[in-house]
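What follows is each chain in one-letter form.
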Amino acid sequence: MKVEVVKVLSNALEEKLSSFQIEKMLEKPKYEHLGDIAFPCFALAKQLRKSPAQIAQDLVQKISINTFEKVEVHGGYINFFYKKEKIAYEVISKVLKERELYGTKKVTGSRVLVDFSSPNIAKPFSMGHLRSTVIGQALANLAEKNGDEAVRINHLGDWGTQFGKLIVAYKLWGDQKRVQDSPIEELLKLYVKFHDEEDNDLSEQARAAFKALEDGDEEAQKLWQWFKEESLKEFASLYELLNIGFDSYAGEAFYNDKMQKVIVELQEKGLLVESDGADVVELENMPPCLIKKNDGATLYATRDLAAGFYRMQTYKPKAIYYVVGNEQSLHFKQWFKVVEKMGHSWADNLHHIPFGMMLKDGKKMSTRKGKVVLLEDVLAETISMAKENIEQKNPLLENKEEVAKAVGIGAVLFNDLKNFRLNDLEFSLEEMLNFEGETGPYVQYTYARIQSLLSKRALNVDKKFNLVIGEYEWSILTQLQAFTEIIESSYKQADPSLIAKYALKLARAFNKYYGNSKILTDDEFLSGRLALCDSVAIVLKESLRLLGIEAPKKM
Ligand code: ARG
């Protein structure tokens, strides 16, 4: 198609223009009788000192036309007609043969780590964590589709001075049963109460409690462990709902005994300097990276550094992706730079994958000060709205619960993934559940529509099928063919929104075709039409899977 056109033109022009220049000059003809793509020769007239029409005539002589149905000259244009039926046959056969493996790249033998989700123990799972979870999962899926091995790491926020506060608050006001019943809500309440007290004496106690925890005090350790276990149980049910698994839950605490080595190396390399009693690494054009506070406590960045060394050694990845909101950009810039200053070339393999905020009515969805937007509540609500929808439109559907779950979750995930991740994101339940909008349910619905068509006629894949390729069929085909390219570019750019937008385009192209053709007519082209439908369904389902979304057969 386009690639072939560029190739033959590039040969005919004997490299007077680059492939890139040629591609940019190609135009889509205004009328169908003028072919599928045209090359205008006007811009060459000056350089070649010939009329555009003459140039077109000359070039055509040098083009092997077998690749195309025909090639014609119209004035200063060369018009190419594709062998559409042949191309269509090849693409569809490939999709039907490879099925969900269509677009999958050969195994590379390389490994990447995706650090994502990473909620904080004893704190609610925020909308930011949801974004990280959804984007991180899609990125890991994309890595695998592109032949890399992906290791999914949940860098839990399970360490820090807040645990001192929590221990004190629990001992003063806590209740075991209440924490067990609803751990995160209860622990958050304790934390908020601690802050409301604004008591110096309490702050002192909290510092002491954290010190005790760091020093391995049994009671403190036990409480911390328990807070962690209870919180993890709650996170686990969320991950189960979203169908997400991790290869490692090594959180910040895991690196407690791995920081000293890094600190020593920093000292030996003369990078650690004192500043107001704290140890820092000075950086150019950025605030210094704090390694140790004046009371000797280590920091978030110290643990990320230690984790970086540990991961490089343990997993030997070609890249680590940190899927974390853009408000932490400075943090990552700083400690990546520290690794670079230490002289480790793998600093280049560390990538922060930032994303924007989730907004509701233009404002940040906050989790602070008790004004919690609980993610479970949000998901429960979308699922129940999806269920209502089913009750209205398709009350006889089997597995209503399951379908409602897939649609409700699909709506939230797709809404997140369809926009470029750095853009802030508006959270509107009605909009993301709209079956006719740019939504997950729209794509899912298109998939189910095709399943319903296919269930009415048996498709014999091995049989040769006949195709007629008109305008609508062709626009589906160009999309089907583009899939492999999209898989590659969305991974290279760490941008799952390319897949989501692609799925929308393919679904739209299909629905136009559906609205304008009689697919189930029993004629010699029936098998060809069914083969086309099946191909679309396969690629839609695979696109959704990469985004972490299920595709129910009926809805
Ligand atoms: N727990 C952190 C937070 O909630 C996110 C951790 C991200 N990963 C990392 N390696 N720093 O803000």
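Here the structure is a predicted model, which is why all the values come from computation and not from measurement.

A. Molecular detail of the overall build of the protein chain. When helices and strands are counted, the protein chain shows 21 helices and 13 strands. For the protein chain, the C-alpha atoms occupy an extent of roughly 90 × 65 × 40 Å along the three principal directions. In the protein chain, the share of contacts with a sequence separation of at least 24, taken over all contacts with a separation of at least 6, comes to 73%. Accessible surface computed for the protein chain: about 27100 Å², of which carbon and sulfur atoms make up 49%. Of the side chains in the protein chain, 75 bear a positive and 81 a negative charge, and the two mean positions are spaced by 6 Å.

B. Representation of helix 7 (residues 162-173). In a regular helix each residue adds 1.5 Å, so twelve residues correspond to 16 Å; helix 7 covers 16 Å between its end C-alpha atoms and thus fits that length. Looking at helix 7, one finds that the buried residues are Gln162, Phe163, Gly164, Leu166, Ile167, Val168, Ala169 and Tyr170. Against helix 8 (176-181), helix 9 (183-197), helix 10 (200-214) and helix 11 (218-242) lie the buried residues of helix 7.

C. Spatial organisation of the site of the ligand. Looking at the ligand, the residues that line it are Asp115, Ser118, Asn120, His129, His155, Tyr300, Asp304, Tyr322, Val324, Gln328 and Phe332. The separation between a nitrogen atom of the ligand and a polar side-chain atom of Asp115 is 2.8 Å. Coverage of the ligand by the protein chains reaches 90% of its 350 Å² of free accessible surface. Partitioning the shell around the ligand into residue classes produces four nonpolar, five polar and two charged.

D. Local environment of helix 10. The end-to-end C-alpha distance of helix 10, which contains 15 residues, comes to 21 Å, matching closely the 21 Å that a straight helix rising 1.5 Å per residue would cover. Close packing links the buried residues of helix 10 with helix 7, helix 9 and helix 11. The first or second residue beyond helix 10 is Gly216, which carries a positive phi of 85°.

E. Expanded view of the side chain of His352. Looking at where His352 falls in the secondary structure, it is placed in strand 10 (residues 350-353). A polar atom in the side chain of His352 sits 2.8 Å from the backbone oxygen of Val324. Apart from the residues lying within four places of it in its own chain, the contact partners of His352 are Tyr322, Val324, Gly325, Asn326, Gln328, Ser329, Phe332 and Phe336.

Cut-offs and rules
- Residues numbered from 1 in each chain as written.
- Predicted model: local features only at pLDDT ≥ 70, side-chain atom pairs only at ≥ 80, totals over all residues.
- Heavy atoms only, no water.
- Helix = DSSP H or I, 4+ residues; strand = E, 2+ residues; numbered from the N terminus.
- Contact = heavy atoms within 4.5 Å.
- Areas by Shrake-Rupley, 256 points an atom, 1.4 Å probe, with all protein chains shown as cover.
- Lys, Arg positive; Asp, Glu negative; His and termini not counted.
- Charge placed at Lys NZ, Arg CZ, Asp CG, Glu CD.
- Expected span 1.5 Å × (residues − 1).
- Buried < 20%, exposed > 50% of the residue type's maximum accessible area, 1.4 Å probe, protein only.
- Near = heavy atom within 4 Å.
- Polar contact = N/O pair within 3.5 Å; in protein donor to acceptor, adjacent residues only side chain to side chain.
- Nonpolar A, V, L, I, M, F, W, Y, C, P; charged D, E, K, R; others polar.

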